[in-house]
Amino acid sequence: MPETVALTPMHYAYLAGVLVILTVMILRRDTPAVCIAFLFLLGLLGFGTISGAIMTVFNAILYAGKEFMEIIATIALVTALSKCLKDLGSDYLMMVPMSKIMKSPAAAWWILGFTMLAFSLFLWPSPSVALVGAIMLPFAIRTGLNPLAAAVAMNLFGHGIALSYDLVIQGAPAVSAAAAGIPASRILEEGRPVFLVMAFTTVTAAFLLNRKTLSRSSLSAQPKSLQTNVPASRKKAGMILACITPLAFLADIILMLLLDLRGGQATSMVSGTAVLLMCAGAVLGFGAEALEQVTNYVTEGFLFAIRIFAPVILIGAFFFLGGSGITSIMGEQFGTGILNDWALWLASHIPLNQYMAAFIQMAAGSLTGLDGSGFSGLPLTGALARTFGLATGASVPILAALGQICAVFVGGGTIVPWGLIPVAAICNVSPLELARKNIVPVFIGFLAAFFTACLLL
């Protein structure tokens, strides 16, 4: 059976903080001030001193900033490239061929989603967001697709379905399987019905719930990047950049597959390519003014990224205390994440049968996902799947798959706002609004996945 966890005042204060923050989000109010207050309270409870509480606030914010820096830089550099493409008219030229397939907002929504799914299965979602956002997103919006709806499609198909099933790279199943003591192939094969039901139900619910708001209210509100009033002297440069940009990203994809580059390495390839293309465009289009133009593009890119991330860093600072980040923030004496402790406590205090085991798996996965890392809770859900399977006779792979789905969908970037920043930033929408749009479809998917798992246990 799961080990017993002794809960402290910190655990109860953290749980209260989670509930208050979620309530404030639901009420559509800003949460950074609330996060700072609870960071101070947790530091005070943990160290018992005012100085410790003050340092906890700063250390948590600093830790969150470091954790988000890779994403911030990626968004900044891709944004810098998009501004260069806009100034040269290259974005419009690249979008013209897509007019044959993206003829309506609904078609654009599904094409965008399945493209994200395909890329994310092979490259993982973070680099895929940058690739799809740079190449396909502008034209999807040009067809009249609402940017928030576009973000929902990219998010659910990429950070939701692709990252939770992880059929190709098999990072998530490998972690779950190692903790559960079974081969990863068993989770992928025996859990396939649960994964597929979750995927189909979630995206179908998202499409049906948002079908009336897929279109922009007014096409006159299209981004300026879609305009073609580019000076004649820059049109040749724009044509060149329009040709080499997709070819460069295609080369990235080939290299990623050949060199087996995944995750952060793949993101680095995309980000580096973006900044090099931006520099090339500045030289081709602005000549002697290229040096200053590059500075302008990079500055605008980072200003945009920081403006998006500033509140999220504060929110993330609180939730990183729920996972392994607490050791880096508050010291070695805090060895386990608070949310992990709550998940273990829950597992050890609820009477077990097969169906209750499935419910606890969902609760444990969701709780551990609140720290913004979809993978941090997988060792726990995998271990619980083995424990519950032996105790109740339930299928260990099915339980592991269910816990994996909840942990990744919540923490990997579809529910917690600090986890879905890449998509929100690329689509230039509020991460909180995107999280609200995702909540109902994802929870409908959870319900369908739960009942499917119960039938297969």
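Residues numbered from 1 in each chain as written. Predicted model: local features only at pLDDT ≥ 70, side-chain atom pairs only at ≥ 80, totals over all residues. Heavy atoms only, no water.

Student: What am I meant to see in the overall build of the chain here?
Tutor: Check the secondary structure of the chain and you find 21 helices and zero strands. In the chain, buried positions account for 57% of the 457 residues. Surface accessibility of the chain: about 18,400 Å² in total, with carbon and sulfur atoms responsible for 67%. (Helix = DSSP H or I, 4+ residues; strand = E, 2+ residues; numbered from the N terminus. Buried < 20%, exposed > 50% of the residue type's maximum accessible area, 1.4 Å probe, protein only. Areas by Shrake-Rupley, 256 points an atom, 1.4 Å probe, with all protein chains shown as cover.)

Student: Could you clarify how one ought to interpret helix α11 (residues 192-210) in this entry?
Tutor: Every α-helix carries 3.6 residues per turn, so stepping three or four residues along brings you back to the same face. Its 19 residues give α11 an end-to-end C-alpha distance of 27 Å, which sits within 8% of 27 Å, the value for a rise of 1.5 Å per residue. Every buried residue of α11 is accounted for by Val-194, Phe-195, Met-198, Ala-199, Thr-201, Thr-202, Val-203, Ala-205, Ala-206, Phe-207 and Asn-210. (Expected span 1.5 Å × (residues − 1).)

Student: Mind showing me how you'd approach the nonpolar core here?
Tutor: One broad rule of soluble globular proteins: the nonpolar side chains tend to lie buried together. Membership of the largest hydrophobic core comes to 151 residues, with the highest contact counts inside it found for Tyr-14, Trp-109, Leu-112, Leu-145, Met-154, Phe-318 and Phe-446. For this core, the element with the highest residue contribution is helix α3 (residues 50-88), accounting for 14 residues. (Core = buried A, V, L, I, M, F, W, Y, C linked by side-chain atoms within 4.5 Å.)

Student: I would appreciate a short explanation of a nonpolar patch on the surface in the present structure.
Tutor: A contiguous nonpolar patch, built from Leu-247, Leu-250, Ile-254, Leu-255, Leu-258 and Leu-259 and spanning about 600 Å² of accessible area, is present on the exposed surface. For Ile-254, the position within the fold is in helix α12 (residues 232-259). (Patch = residues over 30% accessible without salt bridge, like charges linked within 9 Å, V, L, I, M, F, W, Y side chains within 5 Å. Salt bridge = Lys/Arg side-chain N within 4 Å of Asp/Glu carboxyl O.)

Student: Any chance you could explain the environment of Glu-190 here in plain terms?
Tutor: Its location among the elements puts Glu-190 in helix α10 (residues 184-190). Residues Glu-190 and Ala-401, 211 residues apart in the sequence, show an inter-C-alpha distance of 8.7 Å. Not counting residues within four places of it along the chain, the set of residues in contact with Glu-190 comprises Ser-395, Pro-397 and Ile-398. (Contact = heavy atoms within 4.5 Å.)

Student: What's the story with the pattern of salt bridges in this structure? I'm lost.
Tutor: Side chains carrying opposite charge are able to pair once their charged atoms draw close together. Under the definition given, this model contains three salt bridges. The salt bridge partner of Glu-300 is Lys-83, with a shortest N-O separation of 3.5 Å. With Glu-300 in helix α14 (residues 290-319) and Lys-83 in helix α3, this residue pair connects regions lying 217 residues apart in the sequence. Judged by its relative accessible area of 36%, Glu-300 falls in the partly exposed class. Relative accessible area serves as the criterion here: at 23%, Lys-83 is assigned to the partly exposed category. For Glu-433, the salt bridge identified is with Arg-436, shortest N-O distance 2.7 Å.

Student: Would you explain the environment of Ile-421 in this entry?
Tutor: Counting through the fold element by element, Ile-421 comes out in helix α20 (residues 421-427). A relative accessible area of 0% places Ile-421 in the buried class. Setting aside residues no more than four positions away along its own chain, Ile-421 makes contact with Ile-308, Phe-309, Val-312 and Pro-431.

Student: Which parts of the structure should I look at to understand unusual backbone geometry?
Tutor: Negative phi values dominate among residues other than glycine, just as trans dominates among peptide bonds. A positive phi angle, near 55 degrees, is found at Asn-428, a position not held by glycine. Here Asn-428 is to be found in the loop between α20 and α21 (431-456).

Student: Just checking my understanding: could you explain the environment of Gly-46 for this structure?
Tutor: The topology assignment puts Gly-46 in helix α2 (residues 32-47). Separated by 284 residues in the primary sequence, Gly-46 and Met-330 place their C-alpha atoms 8.2 Å from one another. For Gly-46, the contacting residues outside a window of four places in its chain are Met-10, Met-330 and Phe-334.

Student: I keep staring at the side chain of Thr-201 and nothing clicks. Help me out?
Tutor: Along the chain, Thr-201 turns up in helix α11. Here Val-197 takes part through its backbone oxygen, which lies 2.7 Å from a polar atom of the side chain of Thr-201. If sequence neighbours within four positions are ignored, Thr-201 has contacts with Ile-444, Gly-445 and Ala-448. (Polar contact = N/O pair within 3.5 Å; in protein donor to acceptor, adjacent residues only side chain to side chain.)

Student: Can you help me understand the packing of α11 against helix α19 (residues 396-414) in this one?
Tutor: Two quantities define a packed helix pair, namely the angle between the axes and the distance from one axis to the other. Interaxial distance between α11 and α19 falls to 10 Å at its minimum, and their mutual angle equals 35 degrees. Contact residues: α11 offers Val-194, Phe-195, Met-198 and Thr-202, while α19 offers Ile-398, Ala-401, Leu-402, Gln-404, Ile-405 and Phe-409. Grouping the constituent residues of the contact of α11 with α19 by class yields eight nonpolar, two polar and no charged. (Axes fitted to C-alpha atoms, helices over the stretch in contact; angles between N-to-C directions. Nonpolar A, V, L, I, M, F, W, Y, C, P; charged D, E, K, R; others polar.)

Student: Please explain the side chain of Thr-327 as it appears in this structure.
Tutor: Examined against the element boundaries, Thr-327 turns out to sit in helix α15 (residues 325-330). Beyond its immediate sequence surroundings of up to four residues, Thr-327 is in contact with Glu-332, Phe-334 and Gly-335.

Student: Just checking my understanding: could you explain the confidence of the model for the chain for this structure?
Tutor: Any residue range with low pLDDT should be treated as having predicted coordinates unsuitable for detailed reading. Looking at the chain as a whole, the pLDDT averages 81, with 90% of positions reaching at least 70. Within the chain, helix α4 (residues 90-95) has the poorest average pLDDT of any element, 70, and α11 the best, 93. Note on residues 218-227: pLDDT under 50 across the span, and 13 contacts to partners over four residues away in sequence or across chains. (pLDDT = per-residue confidence, 0-100.)

Student: For this particular structure, what's the right way to read the packing of helix α17 (residues 354-369) against α21?
Tutor: The N-to-C vectors of α17 and α21 enclose an angle of 145 degrees; their axes lie 10 Å apart at closest approach. In this structure, α17 crosses over α21, and the sense of that crossing is right-handed. Listed contacts from α21 to Tyr-355, Ala-358, Phe-359, Met-362 and Ser-366 of α17 are Phe-446, Phe-450 and Cys-454. Residues of the contact of α17 with α21, tallied by class, amount to seven nonpolar, one polar and no charged. (Left-handed = near helix turned anticlockwise from the far one by under 90°.)

Student: Quick question: what am I supposed to make of the packing of aromatic side chains here?
Tutor: Given two aromatic rings, their pairing is described by the distance between the two centres and the angle made by the two planes. In the structure shown here, the tally under the stated rule is 14 aromatic pairs. When the ring of Phe-409 is compared with that of Phe-446, the centres are 6.3 Å apart and the planes differ by 80 degrees; the resulting orientation is edge-to-face. Here the residue Phe-409 occupies a position in helix α19, and Phe-446 occupies one in helix α21, the gap between them amounting to 37 residues. With relative accessibility at 1%, the residue Phe-409 sits in the buried group. (Phe/Tyr/Trp six-rings, centres within 6.5 Å; stacked < 30°, edge-to-face > 60°.)

Student: Sorry, what's going on with α19 here?
Tutor: Over its 19 residues, α19 runs 26 Å from end to end, which matches the ideal 27 Å to within 8%, given 1.5 Å per residue. At Val-408, α19 is deflected by roughly 30 degrees, the largest bend along its length. By the criterion of burial, α19 is predominantly enclosed, with 19 of the 19 residues buried. The backbone nitrogen of Ile-398 lies 3.3 Å from a side-chain oxygen of the residue at the head of α19, namely Ser-395. (Bend = angle between axes of the 7 residues up to and from the residue.)

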